Amino acid sequence: MSLKAGIVGLPNVGKSTLFNAITKKHILAANYPFATIDPNVGVVTVPDSRLSFLEELYIPKNTVPTSFEFTDIAGLVSGASKGEGLGNKFLAHIREVDAIVEVVRCFDDENIIHVSGTIDPIRDMEIINVELILSDLEIVENRLEKIAKKAATTKEKDTLLEFNTLTKCKESLEQNIPIRNRLDFTDEEKNILKNFSFITQKPIIYVANVMEEDAVVLENEYTKKVKEYAEKEHAGVIVMCAKMESELAELEESEKKLFLSELGISYSGLDKLIFASYDLLGLQTFFTVGKDECRAWTFKKGTSAKKAAGLIHSDIERGFIKAEIMKYNDLEELKDEKKVQEAGKLNLEGKDYIMQDGDIVYFRFNV
């Protein structure tokens, strides 16, 4: 699937350092604004212990984890919606992502310049969020201006629906309320919104970037403020040290686990961010298994068995007959496909079956 999360923030908050860690790539991460001019896209593997178990059980020739994209977008500044800095270009890139990861600086370091001169995470968050709101508001106002006369003089249902939907958006945006936080849109209105790729409609998660000493306790005076702010927005917060995560990304997996174990940490900040972003995008995982390959597949929550088959190949969707499905937990417990079947826990499902996270599937098809 092509779903992706975009990393945004002010200059010098740790975005590019975080991106380096996520993708194990080494893009420019300099100590001055606009070090990252063009968006950088990296594919990140989703950690999944279930796939490791399946690999040990089947000993396949090939193992393929699931993944999705992170896009590093250059730093926004106040006035971006009016073209300040490289604002218009950056805002256009944000419109292309499906979810937003906003990095917020929550550490003091006189050696790293802050674009505003002082450390204030709430101010930084509001600078970003106001620019995103203003950018959406401009689109709403321009469109309302174009259709206002027609909406006033016609009884055309689609025009009236669009006008009323955008009027709702305008009301919220003028009160500095992101479109995603308005919960009274009908299904018809939500379909109208799909045509606009509004930035403030996209789900968001905040990354509070801290110093190494705060990465273990996961809190300082700045992160507390970020959490309070995010709670009002019904958004999640991941506390991590981007610098430490970048260093961890260079270690072998065994070394990384040992290091985290010594710190008393189960998962790295990056792993937590990947899990949270995956969930934020409404993604889940099903598996196909065998001696040739064990593979994890990403699907959107609510996907039918027939549509899931299409993720593997369009021919499988076209010729779909049935899906043989066993639950990962059942296979983990019984450790043998035959035993799962004997226990009556291997089910045949039709095309309208809604896929569940952890389903292990064999698609029957004929073309």
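Throughout what follows, the structure given in this document is the object of discussion. Fair warning: this is a prediction, and the values are worked out from it, not measured in the lab.

## Examining the overall build of the protein
Argument step 1. Counting its secondary structure elements, the protein contains 15 helices and twelve strands.
Argument step 2. Every one of the 367 residues in the protein was classed for burial, and the buried ones make up 48%.
Argument step 3. Looking at the protein alone, contacts between residues at least 24 apart form 70% of all its contacts between residues at least 6 apart.
Argument step 4. With an accessible surface of roughly 18,500 Å², the protein has 49% of that area assigned to carbon and sulfur atoms.

## Here we look at the pattern of salt bridges
Argument step 1. Within this structure, the stated rule accounts for 25 salt bridges.
Argument step 2. Residue Asp 184 pairs with Arg 182 through a salt bridge whose shortest N-O separation is 2.8 Å.
Argument step 3. Here Glu 317 makes a salt bridge to Lys 307, at a shortest N to O gap of 3.5 Å. Pair noted here: Glu 317 is in helix α13 (residues 314-318) and Lys 307 is in helix α12 (residues 305-312), with a separation of ten residues, a long-range link.
Argument step 4. Its relative accessible area of 53% is what places Lys 307 among the exposed residues.
Argument step 5. Among the charged side chains, a network of salt bridges with common partners joins Lys 168, Glu 171, Arg 182, Asp 184 and Glu 189.

## Focus: the packing of helix α4 (residues 121-153) against helix α5 (residues 157-174)
Argument step 1. Taken N-terminus to C-terminus, the directions of α4 and α5 make an angle of 145 degrees; their axes are 9 Å apart at the nearest point. Relative to α5, α4 is oriented so that their crossing is left-handed. On α5, the residues touching Ile 133, Asp 136, Leu 137, Val 140, Glu 141, Arg 143, Leu 144, Ile 147, Ala 148, Lys 150 and Ala 151 of α4 are Thr 159, Leu 160, Glu 162, Phe 163, Leu 166, Thr 167, Cys 169, Lys 170, Leu 173 and Glu 174.
Argument step 2. In the contact of α4 with α5, the residues fall into twelve nonpolar, two polar and seven charged.

## Observations regarding a nonpolar patch on the surface
Argument step 1. A cluster of nonpolar side chains, Val 216, Val 217, Leu 251, Phe 259 and Leu 263, forms an exposed patch at the surface whose accessible area comes to about 360 Å².
Argument step 2. For the nonpolar patch, the secondary-structure elements that each account for two or more residues are α7 (212-217) and α10 (253-263).
Argument step 3. Tracing the backbone through its elements, the reader meets Val 217 in helix α7.
Argument step 4. With relative accessibility at 55%, the residue Val 217 sits in the exposed group.

How each quantity is defined
- Think of each chain on its own: its residues are numbered from 1, step by step along the sequence as written.
- Since the coordinates come from a predicted model, pLDDT governs what is reported: local features require at least 70, and pairs of side-chain atoms require 80 or more to be given and counted, while whole-chain, interface and lining totals use all residues.
- Processing note: side-chain calculations cover all non-hydrogen atoms of the structure and skip hydrogens and water entirely.
- Strands here are runs of E lasting at least two residues and helices are runs of H or I lasting at least four, both read from the DSSP assignment and numbered beginning at the N terminus.
- Throughout, exposure labels follow a simple rule: accessible area from a 1.4 Å probe, protein chains only, divided by the maximum for the residue type, with under 20% read as buried, over 50% as exposed, and the rest as partly exposed.
- Any two residues whose heavy atoms approach within 4.5 Å are treated as being in contact.
- Where accessible areas are quoted, they stem from the Shrake-Rupley method and a 1.4 Å probe; at the residue level, only the protein chains shown are allowed to cover.
- A side-chain nitrogen of Lys or Arg and a carboxyl oxygen of Asp or Glu constitute a salt bridge if their distance falls within 4 Å.
- Axes here refer to lines fitted to C-alpha atoms; in helices the fit is confined to the stretch in contact. Angles between the N-to-C directions go from 0 to 180 degrees.
- Should the near helix be turned anticlockwise from the far one by less than a right angle, the crossing is left-handed, and should it be turned clockwise, the crossing is right-handed.
- Side-chain classes are defined by residue name, with Ala, Val, Leu, Ile, Met, Phe, Trp, Tyr, Cys and Pro counting as nonpolar, Asp, Glu, Lys and Arg as charged, and the others, Gly among them, as polar.
- To count toward a patch, a residue needs a relative accessible area above 30% and no salt bridge. Like charges then connect within 9 Å, nonpolar side chains (Val, Leu, Ile, Met, Phe, Trp, Tyr) within 5 Å.

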